[in-house]
Every structure is written in C-alpha cells, then in structure tokens.
Amino acid sequence: MSGLLIDAAVQPFCRDGREIYDYMDEVNRDRGFPDVESQWYQAPGGDYDESLYGKGYPGSDPEIASRHLFEDDGVDVAILNPRTRGNLPDFQLNTAVCSASNRWLAHRWLDEGNPHGRFRGTIRVNPEDVPGSVAEIERWGDHPLMVQVGVPLQSRDLYGRPRFYPIWAAAAEAGLPICISTNGGAGLEYPPTPTGHARTYSQYIAFMAYNYVYHLLNILTEPLFKEVPGAVFVFSDGGAEQLTPFIWKLDTLWLGVRDQTPWVDRPPSEYLKDHVRLGFSRLDKPPGDSVPIVDWLAQTGKEDVVMYASNYPFWWRNHPDDLYEGTTKEQTEKVRWRNAGEVYRGVTAEAA
Amino acid sequence: MQVRQPINKGARRSAREYVVCRQEDLPPGRMVIAPVGKFGVGVYNVHGILYAINNYCPHMGGPLCSGNVYGTNLWDDVRGRAEHVLDGRIARCPWHAWEIDVATGVSVADARKRTRTYDVRVENGEVVLTR
Ligand code: FES
C-alpha cells in the first residue's frame, strides 16, 4: 500500500537500568543517575504497552522490536530515538550519558541488532553543553545509520536562541535534522504547563507535547534560519492539531509587526515545509469523523510536515492503519514516507 | 471618515486635477489628506519628494494615511544583519499595523497587497494631484 512506511519515532530502551553503564566512560561509570522509568506521571499499568513486557523493558530487545515493527506493522525503516533522562543538573555527567547512549545504540541496535539494516539512529546530545554537543555530532555524524540529532523537549531555554546555533549548525553540516522530543522527568526542567505541574497523568500527557509550540514560535521568529539555513527540526511527539491555530496567528501578526523580526522575510508558515516536521499519531487526529481528514490535513500545510510515528513501545502507540482512513493517496504517501524521506538521509533507498 | 490630520482645504482644478495646497504648506516630513475619491488621498513629502496614496488600507480598508509614518527594518543578506531603511516612507495602518511604502503603495510584508498611488507634482508653487 502506497510504497514505503517509515516510522519516525521508536524509543529503544536498555534491557534494565544497568545496561547503559557498560557503555559509560570510565570517569563516569561509577556515578549514579536516574533510570528511564523514574517519571512522575505514570500511565495506568506502566508507560509501555502491556503486551511488550518480557525479560527486560519493553522495546529493549532488537529482535522482538523488529518482529513487531517490521513484520506485524509492515514498517520498512524505523528511526530509533533513545531517552536520556532529561537535563541532569551535572551537565558533564549528562553529556557522558548522551555519549554512552550513542555508543550503546550504535553497538546494540545499529550493528548487532540490525541484520536487516532497517534501524536508524539518533545522536543524543546535551544542549546544556554546546561544545560537548558539537563534539558528539562530529564523532557520529559520519555514521551511515545515524540520521538525526536528539535533544529534550524540556529545555531550559527556547531552541531558537542563538546560544544553541553551534549545535544546530553542526547538525545541519552533517545533514541531520534535530529531533526535539519529550525526555525528562528526572532532571532539571520547568513544570510541563505555564501554570505549573499537572496533577494527573491524563492532564500531563494531553498537554505535554504542546510544549513544542513554544519552541516552534521561537524558532520561527529568531534569526535562526538566516544563521543556520540548513537547520531542520522534528517534533516527534506530535501535536499537529495545534499547528493550524498557532501558525495562522503567527502569520497574521507577522503582517503587522514584521519589522520587529526583519530576518523573517516571508510568512512564518512558509518555513514549515523546509524546516519543520511533526510526528503524527492517532492522538493528533480530530475525533472520529468530526472533521473531514482530507481538509484537516491540507489546512495550513499540515500534510507537508506530518510523519508516521508509532511511539513504540509506549502504551498509546499507533498502528499504521490508524492514520490513513479517508486521506487521499497523495496524503497517505506523504504521511507514510515522503515527508520523512525529505529530511532523513538514506531512508528511502529501499524505495528503488 | 475620521482622520487625525485636518482635511486640507484644497481646490478642484479640473475633472482630473486637484490643487492640494501650496508647496510651502507641505514641507519634508509632512502629509496632508486631500478630499479626493471616496476615502481621501494622502499626499506625503518624503525628504523633498512627493508621493500620494489612497487613504485605504489593502488589508481591510482601514484609514491607512491617518497612521504614523516610519521607516522599516529589512534583513541585509550581504551584511548579515537587520538595517533600518526607507525612513519616512512607510505609512503604518492604524488598524492592524500593516506597513505600506508610500512611494509604491505596496505592503512591505506581502508584495501582492497594494493600495492605489497617484501622480503628484509641484506647479507654480502648488501641489497638484492627478486622479
Ligand atoms: S486595515 Fe490596515 S492593517 Fe488592517
């Protein structure tokens, strides 16, 4: 059906809390740091799909994950993006954890666990350590299966700010988009909403992904694309339903106050196709058939930025068929692989 | 229509021409609205050069010429920085702040949006507008 299927958001995990220590550098190997499961907000029965708990954490065995993704769901290429426990107060330790994650991913998932060659990886970097991030991108940028750079959605500053540009420039130089995704709960971070902490899990999960809007509005109004014209940002947790109201407002305001941000020399919405991608999951769609999906996707160019994102192995994960009912053939192809193929290097080679 | 500047007391000269005011009444940096057409026409002296635009905003028809006059900021790709340019040439609509270049009638943000311009000249010490 409609060619390839690229899954833009799969979270691989270590088998247990100890596994990552084997990949830590010697200086940091004896340090303690939080486990991935230490989130404040817990899904009912755990964060991950119940059927996936086996010997280790769900999503921790490349063979089982391969079976679920490639055989059961018909995915052709899966982009793996590990969690790295958010912004640890010790930024050097945080950089070491990111380095360990990259060594672990390259070894366990992109080499050992990748006989079919369908896994792609994410170079995790710590935005609180700009030179450390640049060095990490330089170290892994040539790896043929690393296809993006990953940073936490929960940052201490908006990602359009100039202090981050050296990281974005290094990523652009290597031909890698920057994926901004939820990755925290254990480190330094602001509360998930402007009025503080959510009380319940549903409150948290319904709102959390929308924090991308703050980054997006900032990215589109700072001189970022003048300074780093090749930068591409992927918000893999989705939130596409918020794109139309906010980009419409931004365009409208820009017409009146454009002189305050003269580097934005076209309507902000015109930057989206070249510079922004959003993960697309069933939680992002309008409820039921309340709105014709064809029109919904076409509105403000959502169809040019959304990419299929299963969020495997989380419990709200998608199956591919959840997403295309009622879309045009062209929209289906964009969601399944074309939009991802435009930003991720080498992922559509199998299309030939 | 209510406008901040007093409607200038000019005189119709012919079916096509209108005497807006005397030249000395429109020094550099000043603007007068001539009661021409349905909405009036703003006549601007920008550093000694005269321009005239319809007092009708291409956005939603606001009284464009009753707003303030500014320059604007544009990105200079060669220098890699913002520059303040077109000083005194940008009419800012009082309704939603669109910027219109009075020399061309064109919106700075969206070149497809424009308001009508008029020929204006000085003849025998008088500012003459052609409709
Ligand atoms: S009417 Fe002039 S800016 Fe809206």
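Above this note sits the structure.
Residues numbered from 1 in each chain as written. Chains lettered and ligands numbered in written order. Predicted model: local features only at pLDDT ≥ 70, side-chain atom pairs only at ≥ 80, totals over all residues. Heavy atoms only, no water.

Within chain B, the secondary structure is distributed over zero helices and ten strands. Along its sequence from the N terminus, chain B presents helices and strands in the succession β-β-β-β-β-β-β-β-β-β. Here chain B has a C-alpha radius of gyration of 15 Å; the compact-globule value for 131 residues is 14 Å, and the two agree. C-alpha atoms of chain B, sized along the principal axes, occupy 50 × 30 × 25 Å. (Helix = DSSP H or I, 4+ residues; strand = E, 2+ residues; numbered from the N terminus. Rg over C-alpha atoms; globule rule 2.2 N^0.38 Å.)

The next thing to look at is the nonpolar core. All names here are of chain A. In this structure, Trp168, Ile180, Leu224, Phe233 and Phe235 are the most contacted members of the largest nonpolar core, which totals 86 residues. When residues in this core are grouped by element, the largest group, nine residues, is from helix α2 (residues 91-112). Contact partners of Trp168, with chain neighbours within four places excluded, come to Val151, Tyr159, Ile178, Leu224, Val228, Ala231 and Phe233. (Core = buried A, V, L, I, M, F, W, Y, C linked by side-chain atoms within 4.5 Å. Buried < 20%, exposed > 50% of the residue type's maximum accessible area, 1.4 Å probe, protein only. Contact = heavy atoms within 4.5 Å.)

This brings us to the sheet that holds strand β3 (residues 119-124) of chain A. Residue and element names in this part refer to chain A. Spatially, the eight strands line up as an open sheet ordered β1-β2-β3-β4-β5-β6-β7-β8, and their pairing is parallel. Strand pairing shows two members of the sheet lacking a second neighbour, β1 (6-10) and β8 (306-308), which therefore form its edges. Going from strand to strand, the sheet's axes swing by 30° on average, the running direction of each strand aside. Relative to strand β7 (residues 276-280), strand β6 (residues 233-235) runs parallel, the two sharing three bridges. The residue of β7 that forms the bridge with Phe233 is Val276. Running over the sheet, helix α11 (residues 329-343) touches β1, β7 and β8 and is turned about 110° from β8. (Pairing = 2+ DSSP bridges. Axes fitted to C-alpha atoms, helices over the stretch in contact; angles between N-to-C directions.)

In this section: the pattern of salt bridges. Scanning the entire structure with this criterion turns up 30 salt bridges over all chains. Between Glu342 of chain A and Lys273 of chain A there is a salt bridge, and its shortest N-O distance comes to 3.4 Å. Of the two residues, Glu342 of chain A is situated in helix α11 and Lys273 of chain A in helix α9 (residues 272-275); the sequence distance between them amounts to 69 residues. Taking the relative accessible area as the measure of exposure, Glu342 of chain A reaches 47% and is therefore partly exposed. Arg121 of chain B is the partner of Glu123 of chain B in a salt bridge, and the nearest nitrogen-oxygen pair spans 2.4 Å. Of the residues examined, Glu123 of chain B reaches a relative accessible area of 24% and is grouped as partly exposed. (Salt bridge = Lys/Arg side-chain N within 4 Å of Asp/Glu carboxyl O.)

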